[in-house]
Amino acid sequence: MNDRSTALADPIADDALTRPFTGASPYDSYVHASVLNSMQQPLTDAPDEMGFLVTTQVMELWFTLIVHEWRAARVAFAKDDLPAAMDALVRSRRALTALNGSWAPIAALTPAQFNGFRAAFGKASGFQSAMYRHLEFLLGDKSAGLLRSHRGDPAVHEALSETYREPSLYDEVLGFLHRQGLHVPMRVRERDVTQPYASDPGVVDVWREIYAGPQHHPHLALGELLTDIAELVTRWRFEHVLVVRRAMGSKPGSAGSSGLAWLEQRAARPVFPELWEVRGDI
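Residues numbered from 1 in each chain as written. Predicted model: local features only at pLDDT ≥ 70, side-chain atom pairs only at ≥ 80, totals over all residues. Heavy atoms only, no water.

**Q** Could you clarify how one ought to interpret the pattern of salt bridges in this entry?
**A** Think of it this way: side chains of opposite charge can pair up when their charged atoms draw near. Scanning the model with the defined rule gives 16 salt bridges in all. Between Arg179 and Asp80 there is a salt bridge, with the nearest N and O atoms lying 2.8 Å from each other. Remark: Asp80 occurs in the loop between α5 (49-78) and α6 (82-101) and Arg179 occurs in helix α11 (residues 169-179); sequence separation between them is 99 residues. Here Arg179 falls in the partly exposed class, since its relative accessible area comes to 41%. A relative accessible area of 34% means that Asp80 is categorised as partly exposed. Within this structure, Glu136, Asp141, Arg237, Arg266 and Arg269 form a network of salt bridges that share partners. (Salt bridge = Lys/Arg side-chain N within 4 Å of Asp/Glu carboxyl O. Helix = DSSP H or I, 4+ residues; strand = E, 2+ residues; numbered from the N terminus. Buried < 20%, exposed > 50% of the residue type's maximum accessible area, 1.4 Å probe, protein only.)

Right, here's the structure in full:
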């Protein structure tokens, strides 16, 4: 064997990578990988349960990032800082794309595979996720009933109550547009933000004016970015419907809901509704 082939087969180790750590590695101290990797605790021997646990835990992390970015965008809109708001929304769009891809490991579960571990999680349901509820509340889909279900955990309930009482991301978008000289109706600007957002014809008029104007205006770019986000959220919801339909059909949900029918109803709820309605007027 010549020297060249030996060098290729046995590369010289980088001293920085082989130097012993004092305690946990700096990587683990920062990322807490050992903590994350210890949180998968299957309750059955079903081979698909590990994939289900990892998938749902990864989704929780993406929810956390998306909520973080939407809060940053909301603060920026309140300060009339459109560039900072757009940057946060773009980051959230990337996170939403990754979130949607997270379904892949469990998207093709058969009923028998799902039944192999379904009983183990008892009455647990993804829609009990507090971080997902923050996400929905930030979209303007407020629900006193779903907030009330978290009363048993005071810290979680208080954090979620704060998001419930605050304006949604879309409320702040509309406030920003009004301060930019577009006429968002007072009934919208002064609405009870604890109520679910509903489409308003005056807001349709605002978006119609924007979309009928210069095609490279920053406000139109904002509308398209919000539409991207609305589409990705909707795709995630419908992907959830498909995964459930494939794995368990129309059986009742694990938390006592109607299961598939409830998910289908939730998935049909529009995100930023006027942005969809205005397209038929252009």
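**Q** Hey, could you run me through a nonpolar patch on the surface in this one?
**A** Residues Tyr27, Tyr30, Val31, Val35, Leu36, Met39 and Leu61 make up a contiguous nonpolar surface patch of about 740 Å² in total accessible area. Going through the elements one at a time, α3 (26-31) and α4 (33-36) are the ones with two or more residues in the nonpolar patch. Looking at the nonpolar patch element by element, the count peaks at 3 residues for α3. Turning to its location among the elements, Val35 is positioned in helix α4. The class for Val35 is partly exposed, based on a relative accessible area of 45%. (Patch = residues over 30% accessible without salt bridge, like charges linked within 9 Å, V, L, I, M, F, W, Y side chains within 5 Å. Areas by Shrake-Rupley, 256 points an atom, 1.4 Å probe, with all protein chains shown as cover.)

**Q** Just to check I follow, could you spell out the layout of surface pockets for this structure?
**A** In this approach the atoms are scanned with a rolling probe the size of a water molecule, which exposes any empty space left behind. In this model, the second largest pocket occupies a volume close to 320 Å³. Elements represented by at least two residues in the lining of the second largest pocket include exactly α3, α4 and α5. Broken down by element, the residue count for the lining of the second largest pocket peaks at 5 residues, all from α5. Partitioned by chemical class, the residues of the lining of the second largest pocket number 8 nonpolar, 3 polar and 1 charged. (1 Å grid on protein atoms, 1.4 Å probe; cavity = no way out; pocket = protein on both sides within 12 Å on 5 of 7 lines; lining within 4 Å. Points joined across faces, edges and corners; volume = space filled by probe spheres on them. Nonpolar A, V, L, I, M, F, W, Y, C, P; charged D, E, K, R; others polar.)

**Q** Where do I start with the nonpolar core in this structure?
**A** General note: in soluble globular proteins, nonpolar side chains tend to be found buried as a group. Judged by nonpolar contacts, the single largest core of 65 residues is most densely connected at Trp70, Phe77, Leu89, Leu177, Trp207, Leu222 and Phe272. Of all the secondary-structure elements, those providing two or more residues to this core are α5, α6, α7 (111-118), α8 (130-138), α11, α13 (201-212), α14 (218-248) and α15 (260-267). Considering every element that reaches this core, the biggest residue donor is α14, with 14 residues. (Core = buried A, V, L, I, M, F, W, Y, C linked by side-chain atoms within 4.5 Å.)

**Q** I'm lost on the packing of aromatic side chains in this one. Help?
**A** Tallying each qualifying case throughout the model produces 17 aromatic pairs. The interplanar angle of 50° and the centroid separation of 6.2 Å between the aromatic rings of Phe52 and Phe114 together place this pair among those described as tilted. Here the residue Phe52 occupies a position in helix α5, and Phe114 occupies one in helix α7, the gap between them amounting to 62 residues. Aromatic side chains Phe114 and Phe117 sit 5.5 Å apart centroid to centroid with 85° between the ring planes, which places their arrangement in the edge-to-face category. Here Phe114 and its partner Phe117 are both found in helix α7, 3 residues apart, which amounts to about one turn of the helix. (Phe/Tyr/Trp six-rings, centres within 6.5 Å; stacked < 30°, edge-to-face > 60°.)

**Q** What is the right way to read the environment of Lys251 from this model?
**A** One can find Lys251 in the loop between α14 and α15. Lys251 sits 10 residues away from Ala261 along the chain, and the two C-alpha atoms are 9.4 Å apart.

**Q** Can you help me understand α11 in this one?
**A** An α-helical turn contains 3.6 residues, so any two residues separated by three or four positions project in the same direction. Where burial is concerned, most of α11 is hidden: 9 out of the 11 residues are buried. When we look at burial in α11, the residues that qualify are Leu169, Tyr170, Asp171, Glu172, Val173, Leu174, Gly175, Phe176 and Leu177. Count one or two residues on from α11 and you reach Gly181, which has phi positive near 105°.

**Q** Could you clarify how one ought to interpret unusual backbone geometry in this entry?
**A** One can expect most non-glycine residues to show negative phi and most peptide bonds to be in trans. A positive phi angle, near 60°, is found at Asp80, a position not held by glycine. A positive phi is found at Phe272, a non-glycine position, where the angle reads about 50°. Residue position: Phe272 is located in the loop between α15 and α16 (273-277).

**Q** Mind showing me how you'd approach empty space enclosed by the protein here?
**A** Inspection of every chain in the model, using the stated rule, returns 1 cavity of 30 Å³ or more. Lining the largest cavity we find Phe63, Leu96, Leu99, Tyr132, Leu135, Val233 and Trp236. Counting only elements with at least two residues in the lining of the largest cavity, the list comes to α6, α8 and α14. Of the residues assigned to the lining of the largest cavity, the class counts are 7 nonpolar, no polar and no charged.

**Q** Honestly, α8 in this entry has me stumped. Any pointers?
**A** Burial within α8 is extensive, with 8 of its 9 residues counted as buried. Among the residues of α8, Ala130, Tyr132, Arg133, His134, Leu135, Glu136, Phe137 and Leu138 are the ones counted as buried. Tucked into the core, α8 has its buried residues touching α5, α9 (144-148), α10 (154-165), α11, α14 and α15. For α8, the N-terminal capping position is held by Ser129, with its side-chain oxygen 3.5 Å away from the main-chain nitrogen of Met131. Gly140 lies just past α8 and shows a positive phi near 100°. (Contact = heavy atoms within 4.5 Å. Polar contact = N/O pair within 3.5 Å; in protein donor to acceptor, adjacent residues only side chain to side chain.)

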